[in-house]
Every structure is written in C-alpha cells, then in structure tokens.
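Letter by letter, the chains look like this.
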Amino acid sequence: MRTFVAGQEAYGDMEFAELALGIDIDLLRGPLTPETVDERAAREDAARDILADLRERAEDGDEIAGWDALYADALTRTVPFLRAARGHRTGAGEAA
C-alpha cells in the first residue's frame, strides 16, 4: 500500500510525519550520524528559527502551528537512541 501526503509519496513513517507535519525531524532532533561543531550550530540556529516561527503563528491563532510547536520543542529535547547508546560508556552496573 502506498501513502501520500499532499500529493507526495511517503516512503516510511519518518517521511510521513515530515510531510504531514511539515517538520524535518533530523533538523530538530539531530542526525543519527556525527556532525561537526559548525554543522550542529547551523542546525540548532535553524531549528530555533523554525520553533520561534511556529510559536508566533500559534500565538496568532493557528492551532495546528501550536501543536507543531509542541512536537518540535519535544524533538529538540531528545537524543537519537543510536547516538546516545554509542556515547554511553559507564562502568557502573555493567558486566565485565
């Protein structure tokens, strides 16, 4: 079965969410692959601008933008699981 959003075919759950909500998940959450300090700064700057725009539209009465702002804000507070797992290196409680 094929899934379309606004005339564009979505090839997976993430792409469906991006097309439906108009939010680039990797932009707000961060990519699963390493990024340079400059790439991260640029991504976070763009994410802040998008989040500010969504909040402004929500304050002007756009309910959908309000929900999108909540979702986008939550994404900025997450860490991709694979990146978090690679960075987790504690010795406490782990078998030797």
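In this text the structure is predicted, and so the values were computed from the model without any measurement.

Colleague: I'd like to hear about the packing of helix H3 (residues 37-59) against helix H4 (residues 63-76), residue by residue, with values.
Modeller: Orientation of H3 relative to H4, taken along the N-to-C sense of each, is 150 degrees, at an axis distance of 8 Å. Between H3 and H4, the angle is such that the two are roughly antiparallel. Remark: the crossing between H3 and H4 carries left-handed chirality. Residues Leu51, Leu54, Arg55, Arg57 and Ala58 of H3 form the contact with H4, whose own contacting residues are Ala65, Gly66, Asp68, Ala69, Ala72 and Asp73. Looking at the contact of H3 with H4 residue by residue, the classes come out as six nonpolar, one polar and four charged.

Colleague: Account for the pattern of salt bridges, with residues named and values stated.
Modeller: A full pass over the atoms with the stated rule returns eight salt bridges. Arg48 serves as the salt-bridge partner of Asp45, at 3.9 Å between the closest nitrogen and oxygen. With Asp45 and Arg48 both in helix H3 and three residues apart, this pair spans about one turn of that helix. A relative accessible area of 52% places Arg48 in the exposed class.

Colleague: Quick rundown of the nonpolar core? Include the residues and the values.
Modeller: Counting residues in each nonpolar core, the largest one holds twelve residues, listed as Ala17, Ile23, Ile25, Leu27, Leu28, Ala47, Leu51, Leu54, Ala65, Ala69, Ala72 and Leu75. With four residues, H4 is the largest single contributor of residues to this core. Residues contacting Ala72, with those up to four places away along its chain left out, are Ile23, Leu28, Leu51 and Leu54.

Colleague: Explain H3 to me, using residue names and the numbers behind them.
Modeller: Here H3 contains 23 residues, and its C-alpha end-to-end distance of 33 Å stays within 8% of the 33 Å for a straight helix at 1.5 Å per residue. Of all the positions in H3, only Arg43, Ala47, Leu51 and Leu54 are classed as buried. In this fold, the buried residues of H3 make contact with helix H2 (25-29) and H4. Downstream of H3 by one or two residues, Gly61 has phi in the positive range, about 110 degrees.

Colleague: Talk me through the confidence of the model for the protein; I want residue IDs and the actual numbers.
Modeller: A residue-level look at the protein finds 75% of positions with pLDDT of 70 or above and a mean pLDDT of 79. Looking across the protein, the model is least confident in helix H5 (residues 81-87), with a mean pLDDT of 58, and most confident in H3, with 92.

Colleague: Help me get a handle on H4, residues and values and all.
Modeller: Structurally, the α-helix is built with 3.6 residues per turn, so residues lying three or four positions apart point the same way. Taking 1.5 Å per residue as the helical rise, H4 with its 14 residues ought to reach 20 Å, and the 20 Å between its terminal C-alpha atoms agrees with that figure. Of all the positions in H4, only Ala65, Gly66, Asp68, Ala69, Ala72, Asp73 and Leu75 are classed as buried. One side-chain oxygen of the residue at the start of H4 lies 3.1 Å from the amide nitrogen of Ile64, identifying that residue as Asp62.

Colleague: Account for the environment of Leu75, naming residues and giving values.
Modeller: Summarising the element assignment, Leu75 is placed in helix H4. For the pair Leu75 and Leu28, spaced 47 residues apart in sequence, the C-alpha to C-alpha distance is 5.7 Å.

The rules behind these values
Residues numbered from 1 in each chain as written. Predicted model: local features only at pLDDT ≥ 70, side-chain atom pairs only at ≥ 80, totals over all residues. Heavy atoms only, no water. Axes fitted to C-alpha atoms, helices over the stretch in contact; angles between N-to-C directions. Helix = DSSP H or I, 4+ residues; strand = E, 2+ residues; numbered from the N terminus. Parallel < 35°, antiparallel > 145°, perpendicular 65-115°, else oblique. Left-handed = near helix turned anticlockwise from the far one by under 90°. Contact = heavy atoms within 4.5 Å. Nonpolar A, V, L, I, M, F, W, Y, C, P; charged D, E, K, R; others polar. Salt bridge = Lys/Arg side-chain N within 4 Å of Asp/Glu carboxyl O. Buried < 20%, exposed > 50% of the residue type's maximum accessible area, 1.4 Å probe, protein only. Core = buried A, V, L, I, M, F, W, Y, C linked by side-chain atoms within 4.5 Å. Expected span 1.5 Å × (residues − 1). pLDDT = per-residue confidence, 0-100. Polar contact = N/O pair within 3.5 Å; in protein donor to acceptor, adjacent residues only side chain to side chain.

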